[in-house]
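Summary of structural features
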Amino acid sequence: FGATGKVETWGHEHVATLPSEAEALREYERLCRSAEADGFRLSRSFIYDPTSFDVASLTREVAAATRRALVHVRQANPSQAINAFALLTDSSAMTIGPVAGTVNVRAAPADADSVWNCQEWSLFDGGAYFDIAYRLVLSQHRGPQSRVAFPEFRAMMFESCIRALEQLIAEGVFGSPAERENMVIRFQVSDDDEVDGAMERLNPPGVVARYKAWLAEWT
């Protein structure tokens, strides 16, 4: 449920042991009606097992959130030709957030820090759309419920985000192949190494080559 739409809200957790699946469903429906009476709006309903990790579910939610975030940032900044977009997370795989910007993808490597360093982009809008995806991630961090080892979860969480971006690329959300020659799409883990293969999966070869030239200059 969402009321304010703010990102990273903790929400409410209700745990009960019931005699049957039918009873559980009735209790769930009662809780939904109660929340709606309090002014909340049901935005998504599905069964999720917190003891495991569902890559497909997170990929679906991240793709939906990214699509909405991109629409939002484009509408909020109509005068900017936005050609840079990234999903950001941390080395603990606990957060997901978008950032966008307008960059000169063809800048010389020595002048391209603002092109490839997502933290220097200016549009950190649209994070509220990732609340459902965040809740799925949070379920792996809260208490002893999850049976997924952290390294495995971390890798799957990163893969879900990259797959979501790949899906939107295939749909044309980021533009045509020709337009993407002047665009950069990234998945970045703050204060950590680049995820192997992510840059190549999300960008055309020409963009990847310019990125690697910048890396060589920077190192």
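Throughout, a residue's number is its position along its own chain's written sequence, starting from 1. Reporting of local features is limited, given that this is a predicted model, to residues whose pLDDT is at least 70; pairs of side-chain atoms are given and counted only at 80 or more, and all residues count toward the totals for whole chains, interfaces and linings. Here the side-chain values reflect all heavy atoms present in the structure, with hydrogen atoms and water set aside.

Values of pLDDT, the confidence the predictor places in each residue, fall between 0 and 100. Overall, the predicted model of the chain reaches an average pLDDT of 88, with 93% of residues at or above 70. Numbering of helices and strands runs from the N terminus; a helix is a DSSP stretch of H or I covering at least four residues, while a strand is a stretch of E covering at least two. By mean pLDDT, helix H4 (residues 131–138) is the weakest element of the chain at 88, and helix H6 (residues 198–202) is the strongest at 97. Below a pLDDT of 50 lies the segment residues 1–10, which in the model reaches 26 contacts outside its immediate sequence neighbourhood of four places, other chains included. When checking whether two residues touch, look at their non-hydrogen atoms; a contact exists if any pair is within 4.5 Å.

Below, the discussion takes up the nonpolar core. Side-chain atoms within 4.5 Å are what join buried Ala, Val, Leu, Ile, Met, Phe, Trp, Tyr and Cys residues into a set we call a nonpolar core. Burial here depends on accessible area, computed with a 1.4 Å probe over protein chains only, as a share of the maximum for the residue type. Under 20% is buried, over 50% is exposed, and the range in between is partly exposed. Judged by nonpolar contacts, the single largest core of 41 residues is most densely connected at Phe 53, Leu 58, Val 62, Ile 96, Met 157, Phe 174 and Phe 187. Counting only elements with at least two residues in this core, the list comes to helix H2 (55–76), strand E1 (84–90), H4, helix H5 (150–171), strand E3 (184–190) and H6. Contact partners of Met 157, with chain neighbours within four places excluded, come to Phe 53, Leu 58, Thr 89, Ala 93, Thr 95, Ile 96 and Val 137. The next biggest cluster of nonpolar side chains, apart from the first, holds 18 residues, and it includes Val 103, Ala 107, Ala 112 and Trp 121.

Phi at Ala 93 takes a positive value of approximately 55°, unusual for a residue other than glycine. Assignment of secondary structure puts Ala 93 in the loop between E1 and strand E2 (97–101).

This next bit is on the packing of H2 against H4. Remark: H2 packs on H4, axes separated minimally by 8 Å, with the N-to-C direction vectors making an angle of 155°. By the angle between their directions, the pair H2 and H4 is classed as roughly antiparallel. For the crossing formed where H2 meets H4, the hand is left-handed. Taking contact as the criterion, the partners of Ser 57, Leu 58, Glu 61 and Val 62 in H2 are, on H4, Ile 132, Ala 133, Leu 136 and Val 137. Here the nonpolar group is Ala, Val, Leu, Ile, Met, Phe, Trp, Tyr, Cys and Pro; Asp, Glu, Lys and Arg are the charged ones; every other residue, Gly included, is treated as polar. When the residues that make up the contact of H2 with H4 are grouped by side-chain class, the tally is 6 nonpolar, 1 polar and 1 charged. Where helices are involved, their axes are fitted lines through C-alpha atoms of the stretch in contact, as for all axes, and angles between N-to-C directions lie from 0 to 180°. Roughly parallel means an angle under 35 degrees; roughly antiparallel, over 145; roughly perpendicular, 65 to 115; everything else is oblique. Crossings are classed by handedness, with left-handed meaning an anticlockwise turn of the near helix from the far one by less than a right angle and right-handed meaning a clockwise turn.

The subject of this paragraph is the pattern of salt bridges. Each reported salt bridge corresponds to a side-chain nitrogen of Lys or Arg within 4 Å of a carboxyl oxygen of Asp or Glu. One pass over the full model with this rule turns up 11 salt bridges. Between Glu 27 and Arg 30 there is a salt bridge whose closest N-O contact spans 2.8 Å. In this pair, Glu 27 and Arg 30 are both assigned in helix H1 (residues 21–37), 3 residues apart and thus about one turn of the helix distant. Here Arg 201 makes a salt bridge to Glu 166, at a shortest N to O gap of 2.9 Å. Here Arg 201, found in helix H6, pairs with Glu 166, found in helix H5; they are 35 residues apart in sequence, far enough to count as distant.

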